[in-house]
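Breakdown of the fold
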Amino acid sequence: MNTKEVMDNYDKYVMHTYGRQPIVLDHGHGVKVYDKDGNEYLDFFAGIAVNNVGQTNEKVVEAIKNQAEKMIHTSNIYYNEPAAILAEKLANKSHFTKTFFSNSGAEANEAAIKLARKATGKGEIITALQSFHGRTMLTVTATGQDQFSAPFKPLPPGFKHVPYNDLKAMEDAISDDTAAIMLEVVQGEGGVNVANQDYMNGIQKLCDDNNILLIIDEVQTGVGRCGSFFAHDLFGIKPDIVSLAKGLGGGVPIGATLATEEVASAFVPGDHGSTFGGNPLAAAAADAAIDVIDEKNLSQNAKEMGVYLKDKLNTLKDKYDFVSDVRGLGLLVGIELTMEGGSIVDKMREKGVLINCTAGNVLRIAPALIITKEDIDVMVEKLDEVFSEI
Ligand code: PLP
């Protein structure tokens, strides 16, 4: 198929749930991707913060190939070795002892919400405005952005939304029926809003004092992206439940809900499940992706490159008055503009750099964690060119 035929097929046969960029991505390696017409792009969005180890990482590819030749799928009726290894790796990296495996971020959060309700016997989950937790009915209701849930009423009950980084609002929202507070430490989709340290300390204390579970949604921030394997560790907090997905499988779909022993013990056989969750192929890919992150010290690279990137972007902020803020953590960075950012994403693509715009006016940068200073220099140079044409 050529580019036009692929796009025509999407138009005809795929539901129109995305405003897509008009290119057909065909292959890639590292931080470079190529479309069907042979154009090369420097990828600063990494499949929405997924390809943390870059495209076609050798170790991940080898692990997938080896596992595919042995066994692609079994089920959770039986044990499989890659999932056993993965669960141990995640436990060794955290204070959590148990994982439930699923296939996506929304599912990881869905499990987190079910687990919190079962563990506490309470119903209410408090989340933040501008948060994003997924597209299933529970997680879209947890999401603190009406536009995603309003068309799908009636919504499941039991959710409250309060302003982010506002401890008093959270305190006021707590009731006798509050099971959990669920937050991102950086709101990725909501505009790359970073939590204040004082806020996170206060949230931890509120949870401890009121016997409320703390769920941190690390679907976008986790797996090294923010400069530590778990971004919540950067804040020194100890959540009861954490969800992971995006970067975990080296590009292969997988979700994980991690919990402390006490909380996890609320789930008993029959409470929750997934046909594909913990599938050996996805788990083998995740095992390899985690090894790559550890061996190449990619969390540390994310930290250092994040600082370098923000410094460079701040020079653009000084130069262009329509750049109102540069913020982020590690390699999850937002450039807030005083205008809509969609056309800038298009112009950057035409110059061979893929970025994203979220919340209407925030350019979101989330490259693979293997990104180098040289790559960042190219991206910032192109952004400078695009900005100068405005
Ligand atoms: N939670 C957060 C913080 C996210 O950023 C996303 C997706 O962008 C999700 C949950 C949903 O993940 P998925 O699209 O894999 O269901």
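Everything numeric here is computed off the predicted structure, so don't read it as measured data.

As for the packing of aromatic side chains
For any pair of aromatic rings, the description rests on two quantities: the centre-to-centre distance and the angle between the ring planes. Per the counting criterion, the structure on display carries seven aromatic pairs. With a centroid separation of 5.4 Å and an interplanar angle of 85°, the aromatic rings of Phe 132 and Phe 148 are classed as edge-to-face. Pair noted here: Phe 132 is in the loop between β5 (124-128) and α6 (137-142) and Phe 148 is in helix α7 (residues 146-149), with a separation of 16 residues, a long-range link. Its relative accessible area of 17% is what places Phe 132 among the buried residues. One aromatic cluster is present, formed by Phe 96, Phe 229 and Phe 230 through successive ring pairs.

Quick notes on the environment of Ile 344
Residue position: Ile 344 is located in helix α13 (residues 342-350). Considered as a pair, Ile 344 and Ala 368 are 24 residues apart in the sequence and their alpha carbons are 21 Å apart. Filtering out sequence-adjacent residues up to four positions away, Ile 344 remains in contact with Leu 337, Met 339, Leu 363, Leu 383, Val 386, Phe 387 and Ile 390.

Quick word on the pattern of salt bridges
Across all of its chains, the model carries 19 salt bridges by this definition. Two residues, Lys 89 and Asp 291, come together in a salt bridge whose shortest N-O distance is 2.9 Å. Of this pair, Lys 89 sits in helix α4 (residues 81-92) while Asp 291 sits in helix α11 (residues 280-295), placing them 202 residues apart in sequence. Judged by relative accessible area, Asp 291 falls into the partly exposed class, the value being 24%. One network of salt bridges, in which partners are shared, links Asp 325, Arg 327 and Glu 336.

What counts and what doesn't
Residues numbered from 1 in each chain as written. Predicted model: local features only at pLDDT ≥ 70, side-chain atom pairs only at ≥ 80, totals over all residues. Heavy atoms only, no water. Phe/Tyr/Trp six-rings, centres within 6.5 Å; stacked < 30°, edge-to-face > 60°. Helix = DSSP H or I, 4+ residues; strand = E, 2+ residues; numbered from the N terminus. Buried < 20%, exposed > 50% of the residue type's maximum accessible area, 1.4 Å probe, protein only. Contact = heavy atoms within 4.5 Å. Salt bridge = Lys/Arg side-chain N within 4 Å of Asp/Glu carboxyl O.

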